[in-house]
Amino acid sequence: MSPFNLFGSRQPTPVQVRWQDGEPVEFQRRPMRRGPRYLITDVRERWIEESPWPFPSPMPVGGDRLRCWRVLARSAGEPEAPAREFVLRMRAGPGVWDLVRVAD
């Protein structure tokens with residue numbers, strides 16, 4: 001079993017991410033524009049991974065290249081709540097993000 005606990009109907013969950021100086025600073029689930037927003041309070045880890053993808057890709061055999069961030073984030077609507085850990089993954093191409101919530 002995966003160490004990640006995914007939420008949402010599509011797995012992993014698509015998200016809209018706001019950037020600042022090359023780092024993610026805020027995210028919210030898509031297509032729900034009025035859903036909860038999360039503010040990133042800390043970036044714990046960054047890495048790049050190759051991932052197989054089920055549709056044709058401009059990447060060579062081996063799949064798409066994913067830029068990944070393990071972050072701590074707090075709901076903008078509940079700033080006093082403790083931060084939770086998430087993994088944000090950006091696929092090759094602008095604005096295509098996935099979100100994985102790390103199991104507590």
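Residues numbered from 1 in each chain as written. Predicted model: local features only at pLDDT ≥ 70, side-chain atom pairs only at ≥ 80, totals over all residues. Heavy atoms only, no water.

## Overview of the confidence of the model for the protein chain
The test is simple: pLDDT gives the predictor's per-residue confidence on a scale running from 0 to 100. A run of H or I in DSSP counts as a helix once it spans at least four residues, and a run of E counts as a strand once it spans at least two, with each numbered from the N terminus.
When pLDDT is averaged across the protein chain, the result is 76; 64% of the residues are at 70 or more. The secondary structure element of the protein chain with the lowest average pLDDT is strand E1 (residues 4-5), at 46, and the one with the highest is strand E6 (residues 84-90), at 90.

## Quick look at the pairing of strand E3 (residues 23-29)
Looking along a regular strand, one sees side chains alternate from face to face of the sheet. Put simply, the rule reads: Two strands form a pair only when DSSP identifies at least two bridges running between them.
When strand E2 (residues 13-20) meets E3, the two strands line up antiparallel, connected through 6 bridges. Paired with Gln20 across the two strands is Glu23, which belongs to E3. Remark: 2 residues form the turn of the hairpin made by E2 and E3, two consecutive strands paired antiparallel; Asp21 in that turn has positive phi of roughly 55°.

## As for the pattern of salt bridges
For clarity, the threshold we go by: Salt bridge criterion: a side-chain nitrogen from Lys or Arg within 4 Å of a carboxyl oxygen from Asp or Glu. Only protein chains enter the accessibility calculation, which uses a 1.4 Å probe. A residue is then buried if its area is under 20% of the maximum for its type, exposed if over 50%, and partly exposed in between.
One pass over the full model with this rule turns up 8 salt bridges. The partner of Glu45 in a salt bridge is Arg70, with the nearest N and O atoms 3.3 Å apart. With Glu45 in strand E4 (residues 37-51) and Arg70 in strand E5 (residues 64-75), this residue pair connects regions lying 25 residues apart in the sequence. Residue Arg70 is classed as buried on the basis of its relative accessible area, which comes to 18%. The network of salt bridges with shared partners includes Arg18, Glu26 and Arg37.

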